[in-house]
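# Breakdown of the fold
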Amino acid sequence: MNEREILTKYVYQVVASLVQNGVEDVVISPGSRSTPLAYAFASTKNLNIYRQVDERSAAFFALGIAKAKAKPVVLLCTSGTAAANYYPAIVEAKYARVPLVVITADRPHELREVGAPQAINQIRLYGEQVKWTAEFPIPDGAKQTLPFIERHIARGVNIATSAPFGPVHFNIPFREPLLIDFQEELPEPTFHNSFVGQIAPSEQAKDELATIINQTKRGFIIVGELALKSDLQQIWSFVRRLKWPVLVESLSNLRTNVPEDCAPYIISTYDALLKSSSFKEKVVADTVIRFGAQPVSKFLTIFLTESLPSNYIVIDEDPMFRDSSAVSTHFIHANVGNWLNELNIDSRNLDKDYLTKWRNSEEVAVKQIKDYAEIESDEGAIVRYLLENLPNKSDLFVSSSMPIRDIDTFLLPTSKDIQIFANRGANGIDGVMSTAIGFSQGRKERELFLLIGDLAFLHDVNALITTRYQPCKITVIVLNNDGGGIFSYLSQSTVKEYYEDLFGTPTSLQFEAVANMYNMEYVQIQEFDELNQLFKQSENPLRLIEIFTDRQKNVIAHRNLWQRIHAELEL
């Protein structure tokens, strides 16, 4: 075989192995060194190919697709700093437990560390931020090379999609020339299938959990953001049997599509309630069971560290279980599964008044939040309006910082089928729009809205480049309070010197010109009574809605709400 034939067989083996192991989507950023693989991916009919020239945005875009589909997504870029630009999204993928297969093309070994252009040290470039990394051989005619590739790709995808999900990295060097012969068919696999197991607890773990539950008089469940592919019906079945209060974060997607018989157990306003010292004293628990990530609420964390439940049980698919407050007493290594409903549960010891305390207080807070939305016009009231009026079977992607906190405050339990998503692995505001646009590609059957602040929008405005390369449909709602709104709630705001320069960071920018650049429909909202424009039908699949708000007004209105809730709790 000549060099071109060897290279052709090599790259099509890479593609075939990825397809064989369940890859459907590939995000490509253009570059020279990755040419052979880019051609092979693009010429393969059973793959969805996406393009984004900005590598940082491309990586978050791929993250969004993987998050939406709960399947591995491939990222491909050329050598050099292009690969370094993937880093923020890889960090998010690790901590959010999202399966990415990152492929960085590289210079051959003889061009490394000798001053060749676009050659950086890409070996283990992402360090501990990936679950596994592999350096592939230079394409050659050795009989061992293609079987090595086939099985290493199977290993990598297995690792990315084994609990906890996460990113893996393949570094693949190529020598010039970089052209291949296009092929109609992929090579037949010699490695046929992988079967990744589910994680279930031991009988001893189930027995101890059941014993603790049956001895508990006052207990509650916490449900944070759950692992991809988690079966929510198993959680609902467990709630029905346990009959404990369930503190559900908005990202758990248990506040929406709520079964009627589970509604009495759902506590959505716990963040506001736990700001009250007197309420906290009334609801100290013997036992807490947590599924998923630690919720956004700072006041829930404070409550747990102050009250120190006798039993704090973390159920997690990762042996490196999450417990940032260091209050856990038990860990159960398991996915959410049917094993929960095999537990031998006896509720005779349960203090029935404990649920009533939570339930009555939840109703107080819910009433105050609904009243607030009727009289206020700040960001909180805007978010409440948005949540109330989102179309059925739609998704809302939410930026970190204040938007996710407002969603957590103002999303009340509903039977409507809406779902909430965010990048809460590393909690950054970078890449939010790219992730949301990628997410929309993975769930095209549902309408997607993005709620984002002005600084997060500016961080990722390059995300909109991707709309020039493939059809996209998304409504972007920017809450423009001219700066970093969350800092107004933090201690930094009490120090007036340098506050605006260092934390408020106003830019005085408006975004109509951005909308025009990308042929988006642009809507500007200055007054609360103009919000009905959010859901007007449009022939343009890309909408940018800019809502102008006031940071100080937001703080005052939010604090007044909390004070009203606390005052009624004291009665």
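As shown above, the structure is provided for reference.
Let me sum up the structure you'll find in this document. All values reported here derive from a predicted model rather than from experimental measurement.

What counts and what doesn't
- Residues numbered from 1 in each chain as written.
- Predicted model: local features only at pLDDT ≥ 70, side-chain atom pairs only at ≥ 80, totals over all residues.
- Heavy atoms only, no water.
- Helix = DSSP H or I, 4+ residues; strand = E, 2+ residues; numbered from the N terminus.
- Buried < 20%, exposed > 50% of the residue type's maximum accessible area, 1.4 Å probe, protein only.
- Contact = heavy atoms within 4.5 Å.
- Areas by Shrake-Rupley, 256 points an atom, 1.4 Å probe, with all protein chains shown as cover.
- Lys, Arg positive; Asp, Glu negative; His and termini not counted.
- Charge placed at Lys NZ, Arg CZ, Asp CG, Glu CD.
- Axes fitted to C-alpha atoms, helices over the stretch in contact; angles between N-to-C directions.
- Left-handed = near helix turned anticlockwise from the far one by under 90°.
- Nonpolar A, V, L, I, M, F, W, Y, C, P; charged D, E, K, R; others polar.
- Pairing = 2+ DSSP bridges.
- Core = buried A, V, L, I, M, F, W, Y, C linked by side-chain atoms within 4.5 Å.
- Arc of directions from axis to C-beta.
- Salt bridge = Lys/Arg side-chain N within 4 Å of Asp/Glu carboxyl O.
- Phe/Tyr/Trp six-rings, centres within 6.5 Å; stacked < 30°, edge-to-face > 60°.

### A word on the overall build of the protein chain
Counting its regular elements, the protein chain contains 19 helices and 18 strands. Taking the principal axes of the C-alpha coordinates as reference, the protein chain spans close to 85 × 60 × 45 Å. Across the 571 residues of the protein chain, 58% fall into the buried class. The long-range share in the protein chain, meaning contacts at least 24 apart out of those at least 6 apart in sequence, stands at 78%. Surface exposure of the protein chain reaches about 23700 Å², of which carbon and sulfur atoms provide 50%. The positive charge centre, built from 56 side chains, and the negative charge centre, built from 70, are 4 Å apart in the protein chain.

### Things to note about the packing of helix α12 (residues 352–375) against helix α19 (residues 551–570)
Pairs of packed helices are described in terms of their axes, by the angle between the two and the distance that separates them. The geometry of α12 relative to α19 is characterised by a closest axis approach of 10 Å and an angle of 145 degrees between their N-to-C directions. Handedness of the crossing formed by α12 with α19: right-handed. Of α19, the residues touching α12 (which contributes Ser361, Val364, Ala365, Gln368, Ile369, Tyr372 and Ile375) are Ala557, His558, Leu561, Arg564, Ile565, Glu568 and Leu569. Looking at the contact of α12 with α19 residue by residue, the class counts come to 9 nonpolar, 3 polar and 2 charged.

### Concerning the sheet that holds strand β14 (residues 418–422)
In space, the 6 strands of this open sheet follow the order β14-β13-β15-β16-β18-β17, with parallel pairing throughout. Whereas interior strands pair on both sides, the edge strands pair on one side only; in this sheet they are β14 and β17 (521–525). Going across the sheet, the axis of each strand differs from the next one's by a mean of 20 degrees, ignoring polarity. Pairing of strand β13 (residues 394–398) with β14, which is carried by 5 bridges, proceeds in the parallel orientation. Paired with Ser394 across the bridge in β14 is Ile418. Lying over the sheet, helix α13 (residues 379–389) contacts β13, β14, β15 (447–453), β16 (474–480) and β18 (542–548), oriented at roughly 165 degrees with respect to β16.

### Focus on the pairing of strand β3 (residues 73–77)
Within β3, 5 of the 5 residues are buried, which leaves the element mostly enclosed by the surrounding structure. Burial along β3 is two-sided: the face carrying Val73, Leu75 and Cys77 and the face carrying Val74 and Leu76 are both buried. Here strand β1 (residues 25–28) pairs with β3 via 4 bridges, running parallel. Considered in β3, the bridge of Val27 is made with Leu75.

### Concerning the sheet that holds strand β5 (residues 132–135)
Here 6 strands make up an open sheet; going across it, the order is β2-β1-β3-β4-β6-β5 and the pairing parallel. The open sheet terminates on both sides in strands that have one partner only, identified here as β2 (48–51) and β5. Ignoring which end each strand starts from, the neighbouring axes of this sheet average 20 degrees apart. With 5 bridges joining them, β3 and strand β4 (residues 100–106) adopt parallel strand pairing. Bridge pairing in β4 places Leu75 opposite Val102.

### Let's talk about the nonpolar core
Looking at soluble globular proteins, one finds that nonpolar side chains tend to be buried together. Ranked by internal contacts, the top residues of the largest apolar core, which has 59 residues, are Phe220, Trp358, Leu387, Leu396, Ile407, Leu534 and Ile547. If we skip the residues at most four places from it in the chain, Ile547 touches Ile382, Ile477, Val478, Leu479, Asn480, Ile525, Leu531 and Leu534. Of all hydrophobic cores here, the second largest spans 54 residues; its members include Ile65, Phe421, Phe457 and Met520.

### Looking at helix α11 (residues 298–307)
Taken together, the buried positions of α11 are occupied by Leu300, Phe303, Leu304 and Ser307. Projected onto a plane normal to the axis of α11, the buried residues spread over an arc of 95 degrees and lie on a single side. For α11, the exposed residues lying more than 90 degrees away from the buried face are Lys298 and Glu306. Looking at the buried residues of α11, the elements they touch are β7 (219–223), β8 (246–248), α9 (270–273), α10 (277–282), β10 (287–291) and β11 (311–316).

### Structural notes on the environment of Ala422
Of note, Ala422 is situated in strand β14. Residue Ala422 is classed as buried on the basis of its relative accessible area of 0%. Dropping the residues within four chain positions of it, Ala422 is found in contact with Lys67, Glu225, Leu251, Phe397, Val398 and Ile404.

### Let's talk about the pattern of salt bridges
Applying the stated criterion across every chain, the model contains 31 salt bridges. Between Asp181 and Arg4 there is a salt bridge, with its nearest N and O atoms 2.9 Å apart. One end of the pair, Asp181, is in the loop between β6 (168–173) and α7 (203–215); the other, Arg4, is in helix α1 (residues 3–20), with 177 residues separating them in the sequence. The exposure class assigned to Arg4 is partly exposed, which follows from its relative accessible area of 37%.

### Let's talk about the environment of Val15
You can see Val15 is positioned in helix α1. Residue class for Val15 comes out buried when judged on its relative accessible area of 0%. Placed 193 residues apart in sequence, Val15 and Glu208 show a C-alpha to C-alpha distance of 47 Å. With near-sequence residues (within four places) excluded, Val15 lies in contact with Leu37, Ala40, Phe41, Thr44, Leu47 and Leu186.

### Looking at the packing of aromatic side chains
Applying the stated criterion to the full structure yields 18 aromatic pairs. Seen in terms of ring centroids, Tyr385 and Phe528 are 6.1 Å apart; in terms of plane orientation they differ by 75 degrees. Their pairing is edge-to-face. Taken as a pair, Tyr385 in helix α13 and Phe528 in the loop between β17 and β18 lie far apart in primary sequence, 143 residues in all. Taking the relative accessible area as the measure of exposure, Phe528 reaches 27% and is therefore partly exposed. Centre to centre, the rings of Phe421 and Phe439 are 4.5 Å apart; their planes meet at 45 degrees, and the pair counts as tilted.

### What to know about unusual backbone geometry
In terms of backbone geometry, most residues other than glycine have negative phi values and most peptide bonds are trans. In this structure, the amide linkage connecting Ala163 to the following residue, Pro164, adopts the cis form with an omega of -10 degrees. A cis amide bond links Glu176 with the next residue in sequence, Pro177, at an omega value of 0 degrees. Here Pro177 lies in the loop between β6 and α7. Of note in this structure, Asn257 is not a glycine but carries a positive phi near 55 degrees. A positive phi is found at Asp482, a non-glycine position, where the angle reads about 55 degrees. Take Asp482: it is sitting in the loop between β16 and α17 (499–504). With a relative accessible area of 24%, Asp482 lands in the partly exposed category.

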